[in-house]
Amino acid sequence: MILSLIALCALQHSFEIPGTSHWDGLGMSTFVLDDITGDGIAEIGTGAFCTDFNGINSGSVYIYDGASLTQIRRHDGVMAPSQLGRFATALKDLDGDGVSDYAAGAPLESTNHFRAGAVYVWSGATGQRLAWVHGTKANGHFGVSIASIDDIDGDSIPDILVGAPGEYNGDGVVYAFSGDGSGEIGRYYGQSSGGGLGTGLAALDDTNGDGISDFVVGEPYARSNRGDVHLISGASITRIRRIRGQSTNAWFGYRLAGVGDADLDGITDFLVGEPCKDTVHLYNKSGNLIRSHIGPGSSGGLKQGWGHSLAGAGDVNGDGRDDYVIGAPGEWAGYSYQSPGNDTIVFNGRNGSTLMSYSAAEVDDCFGASVTVGRAYTGTNQKLLLIGAPAAGDIQGNHAVGMLCGIVLP
């Protein structure tokens, strides 16, 4: 199944939400939120990190009604250039009201220190702010990555992970915070000078048999930009194992995503993006490579952006294996378009074959900069795929506004 972005509106159970002003960057991050309107349809969240409501690139997070696609909330960054919404994600239910909550990073916010960053947490049910946590180091970029993880501190409330890859002179840190708002549980420091630990981050299920969820964190600039990925115990916030990138200037670990169980060993697997090699790898909990997906840039061709966006999809085709999504948004340098993107693909977890493929109307839309899969309807297992295209619009006329595309997977 291959469809253009323009054609998606004609497809049953699909939609587009455009940005509203010049270079909004809408679609840079995407998430699916539980139904909060009572109609049984999931709501939709997206970050638009370049909006200017409180100064240039202060950024915003939008929540849309899943049925009408009308905006029901907007959260704005507090100053220029906070870039609120550069990363935004759904969380597990933190306040016990039965609705998942959500969070966004503002990695360039300077409330306490210059570009130290901040993370905001909001109630999914009401939109009220539950927490506002600031980075503590200048240029720390706290909030570049955020992950929701099952309870790791024993209070029966899910917890939150936050990456700050600029802290400690770029070595980076990942913080674990209690979901009850009581503060920090622990932290894991970068292991390589200037490695940028925390650029990529993903929560996993229990991988080492202690009954506590674990997580993976990327250190993409380690060892001449080869990159490392660390599998971390959620119970102790210590390293279980490390997987090392093999190629210089490859950025192994720039993006990470938990996949569920693709190889049927009973333990969650995970994707590792290596964007400067135009490659995505699937690993199991032992650090063994299951397979790789390789774009043309791996062998010297133009990079299509493989490794910039990844997501677990659950079992899409009903074969008992968990599947996954990879976006190929092309290559950008600031506002400068460098090479075309390609299709966003839903892959079969069993053998890596293509299940579904979706393409943009224009190859310079940055279509696939973000990908997310969540439950489309209350009480069903039908899945909603969200694809962000933050550069969609008239690039030549310098009027790109961004776009969010949604597809209910067949």
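Residues numbered from 1 in each chain as written. Predicted model: local features only at pLDDT ≥ 70, side-chain atom pairs only at ≥ 80, totals over all residues. Heavy atoms only, no water.

Enquirer: I'd love a proper account of the sheet that holds strand β10 (residues 129–134), names of residues and values included.
Expert: Pairing within the open sheet is antiparallel, and its four strands lie in the order β7-β8-β9-β10. Single-partner strands in this sheet number two, and they are β7 (87–90) and β10. Ignoring strand direction, the axes of neighbouring strands in this sheet form an average angle of 15°. Note that strand β8 (residues 102–106) and strand β9 (residues 118–122) share five bridges and pair antiparallel. Opposite A104, over in β9, you have Y120 as the bridge partner. (Pairing = 2+ DSSP bridges. Helix = DSSP H or I, 4+ residues; strand = E, 2+ residues; numbered from the N terminus. Axes fitted to C-alpha atoms, helices over the stretch in contact; angles between N-to-C directions.)

Enquirer: Before we move on, could you go through the pattern of salt bridges and cite the residues and values that matter?
Expert: The tally for this structure, following the rule as stated, stands at six salt bridges. Of the charged contacts in the structure, one is a salt bridge between R223 and D228, with a shortest N-O distance of 2.7 Å. What makes R223 partly exposed here is its relative accessible area of 24%. (Salt bridge = Lys/Arg side-chain N within 4 Å of Asp/Glu carboxyl O. Buried < 20%, exposed > 50% of the residue type's maximum accessible area, 1.4 Å probe, protein only.)

Enquirer: Break down the pairing of strand β18 (residues 239–244) for me, with residues and values.
Expert: Of the strand pairs in this sheet, strand β17 (residues 228–232) and β18 are connected by five bridges, and their pairing is antiparallel. Residue D228 lies in a different strand from β18, and its bridge partner there is R244. Hairpin remark: β17 followed by β18, antiparallel, with six residues in the connecting loop; positive phi at I237, about 55°.

Enquirer: Help me get a handle on the side chain of S82, residues and values and all.
Expert: Tracing the backbone through its elements, the reader meets S82 in the loop between β6 (71–76) and β7. When its relative accessible area of 0% is taken as the criterion, S82 is described as buried. At 2.7 Å, the side chain of S82 and the backbone oxygen of M79 are in polar contact. If sequence neighbours within four positions are ignored, S82 has contacts with N57, S58, A106, P107, L108 and E109. (Polar contact = N/O pair within 3.5 Å; in protein donor to acceptor, adjacent residues only side chain to side chain. Contact = heavy atoms within 4.5 Å.)

Enquirer: An account of the packing of aromatic side chains is requested, with residue identities and associated values reported.
Expert: Per the counting criterion, the structure on display carries 15 aromatic pairs. Ring geometry for F142 and F177: centres 6.1 Å apart, planes at 85°, overall edge-to-face. With F142 in the loop between β10 and β11 (145–149) and F177 in strand β13 (residues 173–177), this pair connects stretches of sequence that are 35 residues apart. One exposure class covers both F142 and F177, and it is buried. Aromatic ring contacts, followed pair by pair, group F31, Y102, Y120, W122 and W132 into a single cluster. (Phe/Tyr/Trp six-rings, centres within 6.5 Å; stacked < 30°, edge-to-face > 60°.)

Enquirer: If you had to explain the confidence of the model for the chain to someone new, which residues and values would you point to?
Expert: Averaged over all residues, the pLDDT of the chain is 92; the fraction at 70 or higher stands at 94%. Confidence drops under pLDDT 50 across residues 1–12; counting only partners more than four residues distant or on other chains, this segment forms 31 contacts. (pLDDT = per-residue confidence, 0-100.)

Enquirer: If you had to explain the nonpolar core to someone new, which residues and values would you point to?
Expert: Ranked by internal contacts, the top residues of the largest apolar core, which has 19 residues, are V325, V346, Y358, F367, L385 and I387. Contributions of two or more residues to this core are made by β23 (309–314), β28 (354–358), β29 (370–375), β30 (383–389) and β33 (403–408). Core analysis: the second largest hydrophobic core is formed by 14 residues, V32, Y64, L386 and L404 among them. (Core = buried A, V, L, I, M, F, W, Y, C linked by side-chain atoms within 4.5 Å.)

Enquirer: I'd love a proper account of unusual backbone geometry, names of residues and values included.
Expert: In this model, A80 is joined to P81 through a cis peptide bond whose omega is -15°. Following the sequence through the fold, P81 ends up in the loop between β6 and β7. Although it is not a glycine, R223 adopts a positive phi angle of roughly 55°. Structurally, R223 can be placed in helix α1 (residues 222–225). A positive phi angle is found at W251, which is not glycine, with a value near 65°. Among the structural elements, W251 can be located in the loop between β18 and β19 (255–260).

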